[in-house]
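Residue-level listing of the chains:
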Amino acid sequence: MARVSPQLTSSLAKDVYALSQSSSIKDALSTLNARYGKILTFADSNLLNARTGGPAGIKISSAFGFVLLGQGDFKGHAFILFRGTQLLADWLTNFNIAPARTDAGYLVHDGFNKAFNSMKPKLS
Amino acid sequence: MKLKIAKKSFRSFSFYLTIFLVSVAVLATSSTFFSSGANAVSIKQCLFSSMTGVVNLDGKPVANIRLVRTINYNKDIVDETVTDENGKFEFPAVFRNNYAGKILPMEFVVNQAIIAHHNGKEYEMWSGVKRKPEENSESRGKALQVTCELGLEDKLHIWVNDSPISSLCTWDVEPDPVLTFGKPEEDGL
């Protein structure tokens, strides 16, 4: 398997916050190119929205990530990016520390699992 | 059998609860927990540095252009100004005290936008995402003095201090270089 460098993945993990704020797909792509050259482009699917927050009523839905596709040397690679804690409401997700089961049966953080499940339909 | 499972999940729940309570106690007793090193959380944060500039249309400064600035950081902060007879304008710096971030650290992500209104048309003169809380991070510490040209067909897209800015403006700043990464490597797996 061809592996991309950890420098690229950590850089994307940092830039997902800024890139998920773009006002249009055109701006987002130009901004992406200004940062990474032509090695990446956005997948057809739009931004991934996730519901974060606590119990119903104080949940908010916001851009939580997106999918990038590699081009040129990076063709064949897909990058699924998720942002982390950016809004105060995200802390309600973080504090939801009960364990939950994934579909595959593994024990995971319930807060992230709920946020992930809310955007899963867009990923598949 | 059922009872056993319930007991087990209760035990793991109390395990997580203990971790949670311990971390809250740590955070509450040590206010300096997040205020040193690379992850320092500053309380006073600059959301938009003070900006002075000139607005041109087809190379000529234009008076009476209404500029509306919107800053978004969990909520919208909106103010506006008008260019003078020489096309000049000024926006003061906007700060915020982030006390919550001291205990609950968060990424600094602030949306910046300036829309120019002229002759019934709207121009997206500035749209950026500020990722550094320091004042003048948009211009690497220098005063932010911009020259904007509403007649530009395409916005200029640059990154400064890990913050992307798409604008119709130029100012004295060296943008972040385009990042380059090695080709993906076969690891034989």
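Residues numbered from 1 in each chain as written. Chains lettered and ligands numbered in written order. Predicted model: local features only at pLDDT ≥ 70, side-chain atom pairs only at ≥ 80, totals over all residues. Heavy atoms only, no water.

## Some thoughts on unusual backbone geometry
Residue and element names in this part refer to chain B.
Thinking step 1. Notably, Asn 64 is not glycine yet its phi reads approximately 60°, a positive angle.
Thinking step 2. Here Asn 64 shows up in the loop between strand 3 (60-61) and strand 4 (66-73).
Thinking step 3. A positive phi angle is found at Asn 161, which is not glycine, with a value near 55°.
Thinking step 4. Here Asn 161 lies in the loop between strand 11 (156-160) and strand 12 (163-167). (Helix = DSSP H or I, 4+ residues; strand = E, 2+ residues; numbered from the N terminus.)

## Re the interface of chain B and chain A
Thinking step 1. Contacts between the two partners involve 36 residues from chain B, matched on the other side by 37 residues from chain A.
Thinking step 2. Of the roughly 3400 Å² buried where chain B meets chain A, counting both sides, 62% is carbon and sulfur surface.
Thinking step 3. For chain B, the biggest contributors to the area lost against chain A are Trp 159, Phe 181 and Pro 184 of chain B; these three give 21% of the whole.
Thinking step 4. Where chain B meets chain A, there are five salt bridges. (Contact = heavy atoms within 4.5 Å. Buried area = accessible area lost by both parts, 1.4 Å probe. Salt bridge = Lys/Arg side-chain N within 4 Å of Asp/Glu carboxyl O.)

## Some thoughts on the confidence of the model for chain B
It should be kept in mind that the predicted coordinates are not to be read in detail where pLDDT is low.
All names here are of chain B.
Thinking step 1. Counting all residues, the mean pLDDT for chain B is 86, and 81% of those residues have values of 70 or more.
Thinking step 2. The low-confidence segment residues 31-39, where pLDDT is below 50, has 13 contacts with residues more than four positions distant or belonging to other chains.
Thinking step 3. In the model output, the complex is listed with pTM 0.81 alongside ipTM 0.83. (pLDDT = per-residue confidence, 0-100.)

## Notes on the state of the cysteines
Thinking step 1. Summed over all chains, the structure comprises one disulfide over all chains.
Thinking step 2. Considering cysteine sulfurs only, Cys 169 of chain B is the nearest to Cys 46 of chain B, which forms no disulfide, with 17 Å between them. (Disulfide = S-S within 2.5 Å.)

## Let's talk about the nonpolar core
Thinking step 1. Within the largest apolar cluster, 29 residues are counted, with the highest numbers of intra-cluster contacts made by Leu 67, Met 125, Trp 126 and Val 146 of chain B.
Thinking step 2. For this core, the elements supplying multiple residues, two or more each, are strand 1 (44-48), strand 2 (51-57), strand 4, strand 6 (88-91), strand 8 (110-118), strand 9 (121-130), strand 10 (144-149) and strand 13 (169-171) of chain B.
Thinking step 3. The contacts of Val 146 of chain B, once residues within four sequence positions are left out, are Met 51, Thr 52, Gly 53, Val 54, Phe 89, Trp 126, Cys 169, Thr 170 and Trp 171 of chain B.
Thinking step 4. Listed in part, the 22 residues of the second largest apolar core include Leu 32, Ala 34 and Phe 42 of chain A together with Trp 159 of chain B. (Core = buried A, V, L, I, M, F, W, Y, C linked by side-chain atoms within 4.5 Å. Buried < 20%, exposed > 50% of the residue type's maximum accessible area, 1.4 Å probe, protein only.)

## A look at the sheet that holds strand 4 of chain B
Thinking step 1. What the six strands build is an open sheet, ordered 5-4-8-9-12-11 (chain B); its pairing is antiparallel. The sheet terminates laterally at strand 5 (75-82) and strand 11 of chain B, the two strands that pair on one side only. Between one strand axis and the next, the sheet turns through 15° on average, direction left out of account.
Thinking step 2. In terms of strand pairing, strand 4 of chain B meets strand 8 of chain B through seven bridges, oriented antiparallel. Considered in strand 8 of chain B, the bridge of Ile 71 of chain B is made with Gln 112 of chain B.
Thinking step 3. The strands that helix 2 (residues 25-36) of chain A touches are strand 9, strand 11 and strand 12 of chain B; relative to strand 11 of chain B, the one it contacts most, it runs at about 50°. (Pairing = 2+ DSSP bridges. Axes fitted to C-alpha atoms, helices over the stretch in contact; angles between N-to-C directions.)

## Some details on the pairing of strand 10 of chain B
Residue and element names in this part refer to chain B.
Thinking step 1. Where strand 2 meets strand 10, six bridges bridge the pair, whose relative direction is parallel. Residue pairing across strands places Thr 52 opposite Gln 145, the latter belonging to strand 10.
Thinking step 2. Where strand 10 meets strand 13, three bridges bridge the pair, whose relative direction is antiparallel. For Cys 148, the partnering residue across the bridge sits in strand 13 and is Cys 169.

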